[in-house]
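Coordinate inspection notes
One letter stands for each residue in the lines below.
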Amino acid sequence: MAADGGSSSMQLPCVFSPKSRQYLSLCAQDGRLRIWNTDSKTLHQEYVPSAHLSATCTCIAWGPCRTVKEGPQRKKRKSEAVQVEEKADLLAMGTAAGSVLIYSTVKGALHCTLDGGHSGGVNCVQWHPEDTLLYSGSDDTNIVEWDLQTGKTRSKWKADRAAVTSLCVSPDGKLLLSAGQIIKMWDLDTKEIYRKFTGHSTAVTTLCFATTRPPDSNGLYFLSGAAHDRLLSVWQVREDGKDKNSVVSFTLTDEPQHIDLITSNSKEEAVRLAVVCKDGQLHLFEHFLNGPCKKPLSPSCTVQMSDTKESPMPIPLLAAALGADTRTVVLAYGNHLQPVMERVEINTTERHVCLTRDVQTSLSLSMETTVSKVKTPIVKANCRVLVPGLPGHQAPVKGTSQGSEKRKKDSDTKEMSIAERLGEIDLSTVSIEKGAPRGTASLQTDNFAVLLVQGLESNDASILNKIFQTRKEMIVKKTVARLPLPAVLPLVEELTKRLQGHPFTAILMVRWLKAVLMQHTSYLASLPDLVTKLGVLYHMIESRVKMFHKLSKLHGKLYLLTTQVATGDSSNAVSDVDHTAQLVYEEESSDEDEASGDEGLPGDDSDHWEEEEAMEETGEDNKREQADEEDDDPDSRTESKANGEEDMEHENESEEE
């Protein structure tokens, strides 16, 4: 009945149980499944999956109500037997690891685990009207039909090219809707496509049948919603097959996050629809589905919630369930870690309704029931409590009223006034003038721990920036160790804010967070509302760590590519060197030949190639004459060369003539 988590990691699943709406099941940022009782508004059950950190829960679906045997029982009346039949028991949870967990609320334990069907994360789970069959869609583009009696897959088929993000089974159990971006309708008997619909431009996160009529009667309608889409589209399954486009659309203020509807059994009965959007608003629709409607339909009533402060802030709605009465709606709002549930009667004649609630008081009232019994120690007047901290910044331990009254009476005589305290501040000039001893108590304004406390109390960004920019681990550890206990939680909240900013600042903040967890774990573990305080931090760390695996894969691929390119370049360079070496070797041999031939040859510019033989003979004669002259007179070597050249020129001219 609700929109499943889809592929977005930030959207946390939150679903009411069918029919009676007695339970609200949701998975919060810490990966735990919590089931709340909507009647008593208390936590009914809490289940921690074995891999709740690595394989977070992505979607939740309640199974159909069934009769549950709880061992030997006394004979019951008929009215009691009917109540047992309507009990919601099984709950299916899809995980990011590809497994499906089946949890039993009656047993309060895990019923079974369905493994081996998917190679990617599960995006949606949907029950068959018979409680022994379950369907799941995954990132691996497959749909798996599970048999809960055996705990194994009955069938598996490829549904789309992209990931399957949403599923819905028809009320008669014969048809199955699946969607990535294109919506497909499957015949569950043959596992073949019955119809195809255009779908949306983004991933479909919501599919829901709006009527219970058979598909051959032109009266079967279903609706779909997609990520980043502010419209809910209604599709009609027609006999002639001309049903590619949507027939009706409902306008929303943001993408749908949770949907609940009461189906229409005939044309005279309107479909009632409650849609909770991502911005925390609730939209109520009521429409008779009878053919196409050109204009988008606006909601008949919009509900918002806000707190009771002077400047009211909106309270996000998490889920809504329609009651039998047209005015009654069950709402869940506030925080996923501890939601507030309430049955509200809404005046649907008004277009906009704003409900004001004091969430903090309701949270504290519900927390009192779950806090363990912790006794506050009685502080006597003659005892001194030592608390980790600095002079003037110690955490006060609140005792009982009697102890505090006694302590006040005794300390009235010893307590100093503000003027006396200011007089004791040890400024450098004053201490030199008065000659005050060095051992007097003073406010250590240059101490990092004191500055940190002052910055946290006054929210002074300049002081906090100066402190958080330190990179020395010893200073960070000592500062956190000297910090008083009441300042630990504000420090964690400040670190959480700064971790959400630039990655450069996040690197510095991680050192401080590590030091806080090492020094003050025991104090943090003693806080009753620790889960609500650290939920945002945990969820943020989880979302950042998820990318590390993908980045390491990408780094490995890029490293492989760069090494291949480098080796290819080096091999080309080696072949070039070999090639040039061969050319150099050939050039050296040719130079030697040219040098030996150039000694007695005339100029290379001679164009008379027809007289080569005559020139070769004259060249040999000249060489012999030059050799004789060199043997006789080595000093006149250059002159002989010139004379030889002139003789050659004269001989060449006479031969030409």
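Residues numbered from 1 in each chain as written. Predicted model: local features only at pLDDT ≥ 70, side-chain atom pairs only at ≥ 80, totals over all residues. Heavy atoms only, no water.

Selection rule: UniProt positions are given in the numbering used here, feature names are shortened, and annotations may be inferred rather than shown by experiment.
An unreviewed UniProt entry annotates the protein chain as WD repeat-containing protein 43 originating from Stegastes partitus. The heading Sequence similarities (unreviewed entry) in the UniProt record of the protein chain holds the text "Belongs to the UTP5 family."

1. Remarks on the overall build of the protein chain
The condition that has to hold: Only DSSP runs of H or I with at least four residues qualify as helices, and only runs of E with at least two residues qualify as strands; both kinds are numbered from the N terminus onward. Only protein chains enter the area calculation, which uses a 1.4 Å probe; residues under 20% of their type maximum are buried, those over 50% are exposed, and those in between are partly exposed. Between two residues, a contact is recorded if the distance between any of their heavy atoms is within 4.5 Å. All accessible-area figures derive from a Shrake-Rupley calculation using a 1.4 Å probe, and residue coverage is judged against the displayed protein chains alone.
Helix and strand counts for the protein chain come out as 14 helices and 28 strands. Counting every position in the protein chain, which comprises 657 residues, the buried fraction comes to 40%. Considering only intrachain contacts with a sequence separation of at least 6, the fraction spanning at least 24 residues in the protein chain is 50%. Carbon and sulfur atoms form 52% of the exposed surface of the protein chain, whose accessible area is close to 38,700 Å².

2. Structural notes on the nonpolar core
Counted only if it meets this: By convention a nonpolar core is built from buried Ala, Val, Leu, Ile, Met, Phe, Trp, Tyr and Cys residues, the set being connected through side-chain atoms within 4.5 Å.
If you look at the biggest cluster of nonpolar residues, it comprises 28 residues, and the most contacted ones within it are Leu 452, Phe 468, Leu 491, Leu 495, Leu 499, Trp 512 and Val 516. Contributions of two or more residues to this core are made by helix H6 (448-458), helix H7 (461-468), helix H8 (473-482), helix H9 (488-499), helix H10 (503-519) and helix H12 (530-598). Counting residues per element, this core draws most heavily on H10, which supplies seven residues. In contact with Trp 512, other than residues within four places in its own chain, are Leu 452, Ile 467, Phe 468, Thr 470, Val 476, Thr 479, Val 480 and Leu 495. One finds Val 303, Met 305, Val 329 and Val 344 within the second-largest nonpolar core, a separate group that totals 20 residues.

3. What about the side chain of Thr 496?
Selection rule: Side-chain atoms alone can form a polar contact between residues adjacent in sequence; in general such a contact is a pair of N or O atoms within 3.5 Å, and within protein one must be able to donate a hydrogen while the other accepts it.
Here Thr 496 lies in helix H9. The exposure class assigned to Thr 496 is buried, which follows from its relative accessible area of 10%. Within the structure, Thr 496 has its side chain in polar contact with the backbone oxygen of Val 492 (distance 2.7 Å). What Thr 496 contacts, discounting residues up to four positions off in sequence, is Val 536, Leu 537 and Met 540.

4. Some points on the confidence of the model for the protein chain
The criterion, for reference: pLDDT measures how confident the predictor is about each residue, on a scale from 0 to 100.
In the predicted model, the protein chain carries a mean pLDDT of 77, and the fraction of residues at 70 or more is 70%. Here residues 1-9 scores under 50 on pLDDT; set against residues more than four positions off or in separate chains, the count is 31 contacts. Under a pLDDT of 50 for its full length, residues 367-373 has, in the predicted model, four contacts with residues more than four places off or in other chains.

5. Topic: the pairing of strand E14 (residues 175-179)
This is how the line gets drawn: One bridge is not enough; two strands pair if DSSP finds at least two bridges between them.
A large share of E14 lies buried, amounting to five of its five residues. Of the two faces of E14, both are covered, the one formed by Leu 175, Leu 177 and Ala 179 as well as the one formed by Leu 176 and Ser 178. Sheet topology note: the strand E13 (residues 166-169)/E14 ladder contains four bridges and is antiparallel. If you follow Ser 166 over to E14, its bridge partner there is Ala 179. Counted between consecutive antiparallel strands, the loop separating E13 from E14 contains five residues, among which Gly 173 sits at a positive phi close to 80 degrees. In this structure, E14 lies alongside strand E15 (residues 183-187), joined through five bridges in antiparallel fashion. Bridge pairing links Leu 175 to Asp 187 in E15. Hairpin connection from E14 to E15: three residues lie between these consecutive antiparallel strands.

6. Re H10
As a reminder of what qualifies: An expected span of 1.5 Å times one less than the residue number is assigned to each helix.
Helix length check: H10 (17 residues) gives 24 Å between terminal C-alpha atoms against 24 Å at 1.5 Å per residue, within 8%. Within H10, the full set of buried residues consists of Ala 506, Leu 508, Met 509, Trp 512, Leu 513, Ala 515 and Val 516.

7. Notes on the sheet that holds strand E7 (residues 100-104)
Counted only if it meets this: Interaxial angles span 0 to 180 degrees and are taken between N-to-C directions of axes, which are lines fitted to C-alpha atoms, for helices over the stretch in contact.
What the four strands build is an open sheet, ordered E5-E6-E7-E8; its pairing is antiparallel. What marks the edges here is a single partner per strand, and that holds for strand E5 (57-62) and strand E8 (109-114). Each strand of the sheet is rotated relative to its neighbour by a mean of 25 degrees, with strand direction disregarded. Both E5 and strand E6 (residues 90-95) contribute to a ladder of five bridges, which runs antiparallel. Looking across to E6, one finds that Cys 59 is bridged to Gly 94.

8. Re the sheet that holds strand E19 (residues 231-237)
Read from one edge to the other, the open sheet built from four strands follows the order E17-E18-E19-E20, with strand pairing classed as antiparallel. The open sheet has two edge strands, strand E17 (204-209) and strand E20 (248-251), and neither has a second partner. Strand-to-strand twist in this sheet, taken as the mean axis angle between neighbours without regard to direction, amounts to 20 degrees.

9. Comments concerning the environment of His 228
Of note, His 228 is situated in the loop between strand E18 (220-226) and E19. You can call His 228 exposed: its relative accessible area is 69%. With 25 residues separating them along the chain, His 228 and Ala 203 place their C-alpha atoms 8.8 Å apart.

10. Some points on a nonpolar patch on the surface
Threshold: The patches described consist of residues with a relative accessible area above 30% and no salt bridge, like charges being joined within 9 Å and nonpolar side chains (Val, Leu, Ile, Met, Phe, Trp, Tyr) within 5 Å. Here, a salt bridge means any Lys or Arg side-chain nitrogen found within 4 Å of an Asp or Glu carboxyl oxygen.
Taken together, the side chains of Met 547, Leu 551, Leu 554, Leu 558 and Leu 561 present a nonpolar region at the surface, about 480 Å² in accessible area. Locating Leu 558 in the fold gives a position in helix H12.

11. Description of the state of the cysteines
Here is the rule we go by: In plain terms, two cysteine sulfur atoms within 2.5 Å form what is called a disulfide here.
Per the stated rule, a full pass over the model turns up zero disulfides. Here Cys 57 is not cross-linked by a disulfide; its sulfur's nearest cysteine counterpart is in Cys 27, at 3.4 Å.

12. Here's the deal with the environment of Ile 541
With respect to the helices and strands, Ile 541 occurs in helix H12. For Ile 541, a relative accessible area of 37% corresponds to the partly exposed category. In this structure, the C-alpha to C-alpha distance between Ile 541 and Gln 500, residues 41 residues apart in sequence, is 9.5 Å.

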